[in-house]
Amino acid sequence: MVDFSPTGHWKLNGNGVLGSLDISVIETRAGDRLDATYKSDSSEEHWAVDWDDDSGVTTLTRSLPEGVTQTYTGYAGGGSGRNAIIAGSFTQSDTPASDPRQQFGWVAWRQK
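As the structure is a computational prediction, the values presented were derived from the model and not from experiment. (Residues numbered from 1 in each chain as written. Predicted model: local features only at pLDDT ≥ 70, side-chain atom pairs only at ≥ 80, totals over all residues. Heavy atoms only, no water.)

Visitor: Let's hear about the overall build of the protein: which residues, and what values?
Guide: Within the protein one finds zero helices and eight strands. Counting helices and strands in the order they occur from the N terminus, the protein gives β-β-β-β-β-β-β-β. For the protein, whose C-alpha radius of gyration is 14 Å, the value lies close to the compact-globule estimate of 13 Å for 112 residues. Along the first, second and third principal axes, the C-alpha atoms of the protein reach 40 × 35 × 30 Å. Per-residue burial over the protein gives 32% buried out of 112 residues. Relative to all contacts within the protein whose residues are 6 or more apart in sequence, the contacts with residues 24 or more apart total 35%. Of note, the protein has its 9 positive side-chain charges centred 7 Å away from the centre of its 15 negative side-chain charges. (Helix = DSSP H or I, 4+ residues; strand = E, 2+ residues; numbered from the N terminus. Rg over C-alpha atoms; globule rule 2.2 N^0.38 Å. Buried < 20%, exposed > 50% of the residue type's maximum accessible area, 1.4 Å probe, protein only. Contact = heavy atoms within 4.5 Å. Lys, Arg positive; Asp, Glu negative; His and termini not counted. Charge placed at Lys NZ, Arg CZ, Asp CG, Glu CD.)

Visitor: An account of the confidence of the model for the protein is needed here, citing residue identities and associated values.
Guide: On average, the protein scores 89 in pLDDT, and the residues at 70 or more come to 92%. Summarising per-element confidence for the protein, the mean pLDDT is lowest in strand β3 (residues 31–39) (83) and highest in strand β7 (residues 85–92) (96). (pLDDT = per-residue confidence, 0-100.)

Visitor: Break down the nonpolar core for me, with residues and values.
Guide: Grouped together as the largest cluster of nonpolar side chains are 18 residues, with contacts concentrated most on W10, L21, W47, L60 and W106. Those elements that place two or more of their residues in this core are β1 (8–14), β2 (17–28), β3, β4 (44–52), β7 and β8 (104–111). In contact with L60, not counting residues within four places along its chain, are L21, W47, A48, V49, Q70, T71, Y72 and W106. (Core = buried A, V, L, I, M, F, W, Y, C linked by side-chain atoms within 4.5 Å.)

Visitor: Give a detailed account of the packing of aromatic side chains, specifying residues and quantitative values.
Guide: In total, this model carries seven aromatic pairs according to the counting rule given. A centroid spacing of 5.6 Å and a plane angle of 80° characterise the contact between Y72 and W106, whose relative ring orientation is edge-to-face. A residue pair is termed long-range when its members are at least 10 positions apart, and Y72 in strand β6 (residues 69–77) and W106 in strand β8 qualify at 34 residues. The two residues Y72 and W106 agree in class, both being buried. Taken together, the aromatic side chains of Y38, W47, Y72, F90, F104 and W106 make up a single cluster linked through ring pairs. Looking at R110, its charged tip hangs above the ring of F4, at a distance of 5.7 Å from the centre. (Phe/Tyr/Trp six-rings, centres within 6.5 Å; stacked < 30°, edge-to-face > 60°. Lys NZ or Arg CZ within 6 Å of the ring centre and 35° of its normal.)

Visitor: Which residues make up the side chain of T58, and what values do they have?
Guide: One can find T58 in strand β5 (residues 57–63). The buried category is assigned to T58, whose relative accessible area is 0%. Aside from chain neighbours lying at most four places away, what touches T58 is P6, V49, D50, W51, Y72, T73, G74 and I86.

So, in structure tokens, the structure goes:
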């Protein structure tokens with residue numbers, strides 16, 4: 001088990017695009033789940049969140065227009081406090097297989 005929680009307020013840089021990400025616990029009849037709200041200068045979106053407590057891997061799924069999705073896979077680092085980061089890569093479902101670059105970098109650092 002990793003001593004880390006992805007909940008909280010994060011600043012995010014996805015391939016040079018800056019935004020903020022708020023990850024919170026939502027209580028449902030089926031049990032708790034994580035929810036994320038992404039905000040940039042031009043939009044506010046809800047992203048799906050999966051967290052693997054054993055490995056410290058976070059998976060974020062962003063739905064874009066026309067059925068396109070981005071899948072962000074990130075790895076916890078820096079501890080559980082203010083120095084915490086999540087970093088990894090993301091893919092986009094409409095990237096042609098012939099494209100030499102299939103993955104793009106991202107990093108999020110905890111705020112507050």
